[in-house]
Amino acid sequence: MRIGELAAAVGVTTRTVRHYHHLGLLPEPERRANGYRHYGLRHAVALARIRRLTELGLGLAEVRDVLADDAGKDLAEVLEELDADLARQEAAIRDRRARLRALLDVGDVPAEGPVSPELAALFAATAAELPDSPAAAKDREVLALLETAAAPADRERLMGAVSTVFGSPDGAARAREAYALLDALADVDAEADPDDPRIAEAARAIAGFVPREMLPREARPDEAHGFLRALYADFAPAQAEAIRQALRILWEGRR
């Protein structure tokens, strides 16, 4: 058989056959006097076996182990490992689908998503309470970041803390007031008037509704903490100063 005939007989492409030659999976046949490779039945049998193994999910390196005369693993052992790996993948897919279904069951998926169903519900509440607040929208982005990056125990603590903010009419009212004051600072020149009373007023309002459990455990708000530096830089100067003062109030209150 010529290479095209071999490929057609086994149901692969000639490029695949050449690739298997290159990797050493399929032995090179002898060439005839005219320079063409000539494949026999043994080549077709070997190529068919390679195809069956790859369709089972084995990688080409694993196929090489199975085919090698001095293979460290026999076929049964390789297939047992493959079966265990597929079982892990099935479990992971089931878990992902359950998480997706929980998100879809919440209703509207938030723009900051995908996030946990708990955070999605909180985002829906804040978006309804504060549909036009740029500061609230930024806070939702930060919360999505924290939920992603936090360790499981810290994530549970954080989500428990933020869920209390909009859990009562009083908490929602304090949040609306704080975000309104923070949004109003977007165009205030904090460098020209660092003692602008609106900055201190916004700081007190923020400190009045942010749970102390949300404070970073190690870094003070006035220290050069990488995350806090990035947070401050994302806001206008007056807004950043109000947030810095609010965190300082919360930090002093926690001591």
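Here, every reference points to the structure presented above.
Keep in mind it's a predicted model, so treat the numbers as computed, not measured. Sequence order as written defines the numbering, with residues in each chain counted from 1. Selection of residues for local features in this predicted model requires a pLDDT of at least 70, selection of side-chain atom pairs for listing and counting requires 80 or more, and totals for whole chains, interfaces and linings are taken over all residues. Side-chain numbers here rest on the full set of heavy atoms in the structure, without hydrogens or water.

**What about the overall build of the protein chain?**
Note the following rule: The way it works is that DSSP assigns letters per residue, a run of H or I at least four long becomes a helix, a run of E at least two long becomes a strand, and they are numbered from the N terminus. The buried label goes to any residue with under 20% of its type's maximum accessible area, the exposed label to any with over 50%, and the partly exposed label to all in between, with areas taken from a 1.4 Å probe on protein chains only.
Secondary structure assignment for the protein chain yields 12 helices and zero strands. Expressed as a percentage of its 255 residues, the buried residues of the protein chain come to 33%.

**Brief notes about helix 1 (residues 3-10)**
So the rule is basically this: Picture the helix axis, draw a direction to every C-beta atom, and the arc is the one those directions span. The criterion used for residue contact is that any of the two residues' heavy atoms lie within 4.5 Å.
Along helix 1, the residues classified as buried are Ile 3, Leu 6, Ala 7 and Val 10. Each buried residue of helix 1 lies within a common arc of 95° when the element is viewed along its axis, so the set occupies one face. What points out from helix 1, more than 90 degrees from its buried face, is the exposed set Ala 8 and Ala 9. Looking at the buried side of helix 1, the elements it contacts are helix 2 (14-23) and helix 3 (41-55). Backbone geometry just downstream of helix 1 places Gly 11 in the positive-phi region, at approximately 85°.

**Focus on the environment of Leu 47**
Relative to the helices and strands, Leu 47 resides in helix 3. For Leu 47, a relative accessible area of 0% puts it in the buried group. A sequence separation of 41 residues divides Leu 47 from Leu 6, and the C-alpha atoms of the two residues are 8.7 Å apart. If sequence neighbours within four positions are ignored, Leu 47 has contacts with Leu 6, Val 10, Val 12, Val 17, Tyr 20 and Leu 26.

**Remarks on the packing of aromatic side chains**
Put simply, the test is: For Phe, Tyr and Trp, rings pair up if their centres lie within 6.5 Å, where Trp contributes its six-membered ring, and each pair is then called stacked (planes under 30 degrees apart), edge-to-face (over 60) or tilted (otherwise). Here, over-ring charges are defined by two tests on the NZ atom of lysine or the CZ atom of arginine: distance to the ring centre within 6 Å, and angle to the ring normal within 35 degrees.
Per the stated rule, a full pass over the model turns up one aromatic pair. Over the ring of Tyr 232 we find Arg 244; its NZ or CZ atom is 4.2 Å from the centre of that ring.

**Section: the side chain of Ser 133**
So the rule is basically this: Here a polar contact is recorded for every N or O atom pair within 3.5 Å, except that within protein the pair must consist of a potential hydrogen donor and a potential acceptor, and residues adjacent in sequence are included only if both atoms are side-chain atoms.
When you line up the elements, Ser 133 lands in the loop between helix 6 (117-129) and helix 7 (134-149). Polar side-chain contacts of Ser 133 include one of 2.7 Å to the side chain of Asp 183. Leaving out residues up to four positions away in the same chain, Ser 133 has contacts with Tyr 179 and Asp 183.

**Considerations on the pattern of salt bridges**
Selection rule: Salt bridges, as used here, are contacts in which a Lys or Arg side-chain nitrogen is within 4 Å of a carboxyl oxygen on Asp or Glu.
Using the criterion set out here, one finds five salt bridges in the structure. Notably, a salt bridge pairs Glu 28 with Arg 37, separated by 2.8 Å at the nearest N-O pair. Close ionic contact of Glu 55 with Arg 51 constitutes a salt bridge, the shortest N to O distance being 2.7 Å. Pair noted here: Glu 55 and Arg 51 are both in helix 3, with a separation of four residues, about one helical turn. You can call Glu 55 exposed: its relative accessible area is 56%.

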